[in-house]
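Residues per chain are reported as follows:
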There are 2 protein chains.
Amino acid sequence: MPYAVKAKQEGKRVIHLNIGQPDIKTPEVVLDRLKNIQREVIEYSSSEGFTEYREKLATYYQSKNVPVNAEDIMITTGGSEALVFAMMTCFDAGDEVIIPEPYYANYSGFATMAGVSVKPITAKIEQNFAPPPVTDFENLITKKTQGIVLCNPGNPTGAVYSKEDIQAIADLAKKHNLYLIADEVYREFCYEGATPFSVYNLEGMAEHVILIDSVSKRYSMCGARIGALITRNEEVRKMAMKFAQARLSPPTLGQIAAEAALETPQSYFDDVIEEYQKRRDILVQGLNEIPGVKCPKPGGAFYCIAELPIDDSDLFCQWLLESFSVNGDTIMLAPGSGFYITPGLGKKEVRIAYVLNEEDLRKAVNILKEALVVFTAKETVQP
Amino acid sequence: MPYAVKAKQEGKRVIHLNIGQPDIKTPEVVLDRLKNIQREVIEYSSSEGFTEYREKLATYYQSKNVPVNAEDIMITTGGSEALVFAMMTCFDAGDEVIIPEPYYANYSGFATMAGVSVKPITAKIEQNFAPPPVTDFENLITKKTQGIVLCNPGNPTGAVYSKEDIQAIADLAKKHNLYLIADEVYREFCYEGATPFSVYNLEGMAEHVILIDSVSKRYSMCGARIGALITRNEEVRKMAMKFAQARLSPPTLGQIAAEAALETPQSYFDDVIEEYQKRRDILVQGLNEIPGVKCPKPGGAFYCIAELPIDDSDLFCQWLLESFSVNGDTIMLAPGSGFYITPGLGKKEVRIAYVLNEEDLRKAVNILKEALVVFTAKETVQP
């Protein structure tokens, strides 16, 4: 983004709250495995990924009471590729897919690649981004509707769907014979001891459910580019394999890292969850203390959406980089409009990723507070 | 491929001559770098790849007299992704692209993803798969034609295009305002001291040329999944960045490996080229000594196409796995038809990758020889 580059060139320090790149360390067991790599040839894996990794990964899910078998799993180049394969496989050009908004902006790009039209259903900040009633989903269903895509826990909202929420949506998917694609890459990040309900635990949905996963967030190794497309639907697996074969193999080194990551001790996750929960509390409390700012407390992931006392967060985010700083520091936020497909929505909102340490987060909240004073005064003065 | 799995289950040893996965070791400098990895977080790179790697990669090209600048380079997830991005960026659905056949079968898949129709131009085995005359290319050009895709040195033929060949095709591309996409991933594999001519050395073609590259074959690290899309055309780079951003980042560990690979000593390549040239000579001589077999000597890459005294190489390749073995060994070949888009072509041909050691290659040639005796006798007897 040129604004951030320019800000840095002008000597500002830009605190990045706009991207989901955690500062959390990758588990030591992963880096140790790389340091002890035994291979002599970094060769292709099979297109669906190394068998040994897929088998161990199935065991991981089973340990979380998610009944995944190794043959259900196709390893992909990140969760992104799993989503692309899922959309290309399940949908034809001209089909429609229902996705609750705000949603991860890249979903739109993946839908475009598959030629699919996204029909958004709006989750509201006033309701803490709880999933809209299932009747609202049903109202959107047409002859062209072929699927529903969920992200749970949610990026960008941090909302965690209850078992009942998921079941109601699943019943609808079954009734109308739709695919239910669930992006569960933030599964490990649930606070106050909550356990998210996986679509893979739904009964009688074997032909409908496609689970999307990734090691990126779980082990803070976004750069490994290892994800998974998981389904009991054999037709979908066969079709997805055609796309998998076209790109030959998922990354071998990433798979070695991801397989090692499965040995990460529980204490790592306990520490990480504690850290994120602390950051969330600092951030959300700090935001809600700023006059005019409203931020529901997210139950999972590491993002929140905040409503600001402004009319155009695109402009505000740009202005923060171009024209504002406190002691040489400024902040980079993701404008809300990028997460909505319905025109005009999200203009007062920003997404904030709490992937930074406590000190930077406190500093960022303070910068936002001071910035809003200046920006809103400026807006009032202007004709 | 189920036939190969079945053959292995029946206790046969399958000698794989069908895939381009070399047995050559990855350079030690790569594995050493991984063993000394200093990172604590395996994070995303930027979508176009690490700047440091791109800068070093540009220096590598310059050392080969290929004038690439760092800003021309986008790092991709293998050469496959570079080809997909190039086709998606340069072409619209319904456009036509000219590709000399036989060609790497996955090109068809990439074209399908981009909605592009491939117009093949046939290179003939009788002419050692030399590029067809440029007038033949021109005859295929319609209003819908937007580009030409070349692979040089060629997979599956091993043909190396001369400077004059490339220049003539480039002149045509310029005359008709077409993109010229050149897959040069086998650049290092040229025999008898030949140096391939890169499209990046063409004069006055900055807006037309897209160079596709990969570290997979050069350093025998197919599993790294690191390639590159290289062009001076800024519009193409901008558009390709949109696709790059949708998949976030190329693999970080693969980039670390690829950056280290740039320090591979020349002696590694000298040894590898010597080894491949030896294998090629053993294979091609062995093949041409089999009655009825014709195999032009390839000038580059590590494949050859052989014509066999049979009518259906799909059937023959299947039969080799299902019904034939010599002392428990059989061979897996790639049927020629998969490399042609013109119906009926390649039925007498197979592609053989000489990525195995001398002993296995000699054994493979002998198996093929004996198999042809049995198979052709069988064919003659049958009604």
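Cut-off values and rules
Residues numbered from 1 in each chain as written. Chains lettered and ligands numbered in written order. Predicted model: local features only at pLDDT ≥ 70, side-chain atom pairs only at ≥ 80, totals over all residues. Heavy atoms only, no water. Helix = DSSP H or I, 4+ residues; strand = E, 2+ residues; numbered from the N terminus. Rg over C-alpha atoms; globule rule 2.2 N^0.38 Å. Buried < 20%, exposed > 50% of the residue type's maximum accessible area, 1.4 Å probe, protein only. Contact = heavy atoms within 4.5 Å. Areas by Shrake-Rupley, 256 points an atom, 1.4 Å probe, with all protein chains shown as cover. Least-squares fit on C-alpha atoms with pLDDT ≥ 70 in both. Domains from an automatic or database assignment. Salt bridge = Lys/Arg side-chain N within 4 Å of Asp/Glu carboxyl O. Polar contact = N/O pair within 3.5 Å; in protein donor to acceptor, adjacent residues only side chain to side chain. Nonpolar A, V, L, I, M, F, W, Y, C, P; charged D, E, K, R; others polar. Core = buried A, V, L, I, M, F, W, Y, C linked by side-chain atoms within 4.5 Å. Phe/Tyr/Trp six-rings, centres within 6.5 Å; stacked < 30°, edge-to-face > 60°. Lys NZ or Arg CZ within 6 Å of the ring centre and 35° of its normal. Buried area = accessible area lost by both parts, 1.4 Å probe. pLDDT = per-residue confidence, 0-100. Pairing = 2+ DSSP bridges. Axes fitted to C-alpha atoms, helices over the stretch in contact; angles between N-to-C directions. Parallel < 35°, antiparallel > 145°, perpendicular 65-115°, else oblique. Left-handed = near helix turned anticlockwise from the far one by under 90°.

A. Spotlight on the overall build of chain A. From N to C terminus, chain A includes 12 helices and 12 strands. In terms of overall size, chain A behaves like a compact globule, its C-alpha atoms giving a radius of gyration of 21 Å where 383 residues would be expected to give roughly 21 Å. Seen along its three principal axes, the alpha-carbon backbone of chain A occupies a region of about 60 × 55 × 35 Å. Here chain A holds 383 residues, and 59% of them are scored as buried. For chain A, long-range pairs separated by at least 24 residues make up 76% of all intrachain contacts whose partners lie at least 6 apart in sequence. Carbon and sulfur atoms provide 50% of the accessible area of chain A, an area that totals close to 14900 Å².

B. Representation of the relation of the copies chain A and chain B within the structure. For the match of chain A to chain B, the screw axis carries a shift of 0.0 Å, the RMSD comes to 0.0 Å, and the turn is 180°. The transformation just described matches what one would write down for a two-fold rotation axis. For chain A, the minimum C-alpha distance to the rotation axis belongs to Lys-35 of chain A and amounts to 1.8 Å. A shared interface surface links the copies, since 100% of the contact residues of chain A are contact residues in chain B too.

C. Structural detail: the domain arrangement of chain A. Residues and elements named next belong to chain A. In terms of domain boundaries, chain A breaks down into domain 1 (2-25 + 266-381) and domain 2 (28-261). Placing the centre of domain 1 and that of domain 2 at their C-alpha centroids yields a distance of 27 Å. Contacts between the two partners involve 35 residues from domain 1, matched on the other side by 31 residues from domain 2. Linking domain 1 with domain 2 are 1 salt bridge. Between Arg-280 and Glu-192 there is a salt bridge, with its nearest N and O atoms 2.6 Å apart. Here domain 1 and domain 2 share 13 residue pairs in polar contact (both at pLDDT 80 or more) between them. Where the side of domain 1 that touches domain 2 is concerned, the elements lending two or more residues are α10 (266-289), β9 (303-307) and β12 (349-353). The element best represented in the side of domain 1 that touches domain 2 is α10, accounting for 8 residues. For the side of domain 1 that touches domain 2, the residue count by class is 20 nonpolar, 8 polar and 7 charged.

D. How the structure looks around the nonpolar core. Core analysis: the biggest nonpolar cluster contains 195 residues, and Phe-316 of chain A together with Leu-180 and Phe-316 of chain B have the highest contact counts within it. Residue contacts for Phe-316 of chain B: discarding those within four places in its chain leaves Leu-308, Ile-310, Leu-333, Leu-368, Ala-371, Leu-372 and Phe-375 of chain B.

E. Summary view of the packing of aromatic side chains. Applying the stated criterion to the full structure yields 36 aromatic pairs over all chains. Where Tyr-104 of chain A meets Tyr-107 of chain A, the ring centres are 5.6 Å apart and the plane angle is 85°; that geometry is what we call edge-to-face. Accessibility classification places Tyr-104 of chain A together with Tyr-107 of chain A in one group, the buried group. One residue, Lys-64 of chain B, lies across the ring of Phe-269 of chain B, its end atom 6.0 Å from the ring centre.

F. Local environment of helix α2 (residues 28-35) of chain B. Listing the buried residues of α2 of chain B in full gives Val-29, Val-30, Leu-31 and Leu-34 of chain B. Against the buried residues of α2 of chain B lie α2 (28-35) and α9 (252-261) of chain A together with α9 (252-261) of chain B.

G. Looking closely at the interface of chain A and chain B. Each side of the interface is counted separately: chain A has 43 residues, and chain B has 43 residues. Summed over both partners, the interface of chain A with chain B buries about 3300 Å², with 63% contributed by carbon and sulfur atoms. Joining chain A to chain B, the criterion identifies 2 salt bridges. Glu-40 of chain A is the partner of Lys-25 of chain B in a salt bridge, and the nearest nitrogen-oxygen pair spans 3.5 Å.

H. View of the confidence of the model for chain A. Of all residues in chain A, 98% have pLDDT values of 70 or greater, and the mean over the chain is 94. Overall fold confidence (pTM) sits at 0.90, and the ipTM for the predicted complex is 0.86.

I. Highlighting the environment of Thr-77 of chain A. With respect to the helices, strands and loops of the structure, Thr-77 of chain A is situated in the loop between β2 (73-76) and α4 (78-90). The spacing of Thr-77 of chain A and Lys-6 of chain A is 71 residues in sequence and 32 Å in space, taken between C-alpha atoms. In this structure, Thr-77 of chain A is in contact with Arg-225, Gly-227, Arg-247, Pro-250 and Pro-251 of chain A together with Thr-77 of chain B, ignoring residues within four places of it in sequence.

J. Representation of unusual backbone geometry in the model. Residues and elements named next belong to chain B. In this model, Asn-152 is joined to Pro-153 through a cis peptide bond whose omega is -10°. Within the fold, Pro-153 resides in the loop between β5 (145-151) and α7 (163-175). With an omega of 15°, the peptide bond running from Asn-155 to Pro-156 counts as cis. The backbone of Ser-220 shows a phi angle near 45°, a positive value even though the residue is not glycine. Tracing the sequence through the fold places Ser-220 in the loop between β7 (209-214) and β8 (227-230).

K. The arrangement of the side chain of Thr-264 of chain B in detail. Residues and elements named next belong to chain B. Counting through the fold element by element, Thr-264 comes out in the loop between α9 and α10 (266-289). Within the structure, Thr-264 has its side chain in polar contact with the backbone oxygen of Ala-261 (distance 2.4 Å). Ignoring sequence-local partners within four residues, the contact set of Thr-264 consists of Pro-27, Val-29, Tyr-219 and Phe-269.

L. Main features of the sheet that holds strand β9 (residues 303-307) of chain B. Residue and element names in this part refer to chain B. Here we have 3 strands laid out as an open sheet, ordered β9-β12-β11, and antiparallel in their pairing. For this open sheet the edge positions go to β9 and β11 (334-335), each flanked by a neighbour on one side alone. Direction of pairing for β11 relative to strand β12 (residues 349-353): antiparallel, over a ladder of 2 bridges. Paired with Pro-335 across the two strands is Val-350, which belongs to β12.

M. Fine view of the packing of helix α3 (residues 51-63) of chain A against α9 of chain A. Residues and elements named next belong to chain A. Running from N to C, α3 and α9 cross one another at 30°; their axes reach a closest spacing of 10 Å. Of the possible angle classes, the one that applies to α3 and α9 is roughly parallel. Considering the relative orientation of α3 and α9, their crossing is left-handed. Of the residues in α9, those touching α3 at Glu-52, Tyr-53 and Lys-56 are Gln-255, Ala-258 and Glu-259. Taken together, the residues that form the contact of α3 with α9 break down as 2 nonpolar, 1 polar and 3 charged.

N. Inspection of the sheet that holds strand β7 (residues 209-214) of chain A at higher detail. Residues and elements named next belong to chain A. A sheet is described by the order of its strands in space; here 7 strands give the open sequence β2-β8-β7-β6-β5-β3-β4, paired in mixed fashion. Because the sheet does not close on itself, it has two edges, and the strands there are β2 and β4 (117-122). Geometrically, the sheet is characterised by an average inter-axis angle of 20° between neighbouring strands, direction not taken into account. Across 3 bridges, the pairing between strand β3 (residues 96-101) and strand β5 (residues 145-151) is parallel.

O. Spotlight on the pattern of salt bridges. Residue and element names in this part refer to chain A. For the structure shown, the criterion picks out 56 salt bridges over all chains. A salt bridge links Asp-311 to Lys-348; the nearest nitrogen and oxygen atoms lie 3.3 Å apart. Taken together, the positions of Asp-311 in the loop between β9 and α11 (313-323) and Lys-348 in the loop between β11 (334-335) and β12 put the pair 37 residues apart, joining distant regions of the chain. Of the residues examined, Lys-348 reaches a relative accessible area of 37% and is grouped as partly exposed. Through salt bridges with shared partners, a single network forms among Asp-23, Glu-275, Lys-278, Arg-279, Glu-358 and Arg-362.

P. Focus on the packing of α9 of chain A against α9 of chain B. It is at 7 Å that the axes of α9 of chain A and α9 of chain B come closest, and there the two elements cross at 125°. The angle between the axes of α9 of chain A and α9 of chain B places the two elements in the oblique class. Relative to α9 of chain B, the crossing made by α9 of chain A is right-handed. Each of Leu-253, Gly-254 and Ala-257 of chain A in α9 of chain A lies in contact with α9 of chain B, whose residues at this interface are Leu-253, Gly-254 and Ala-257 of chain B.

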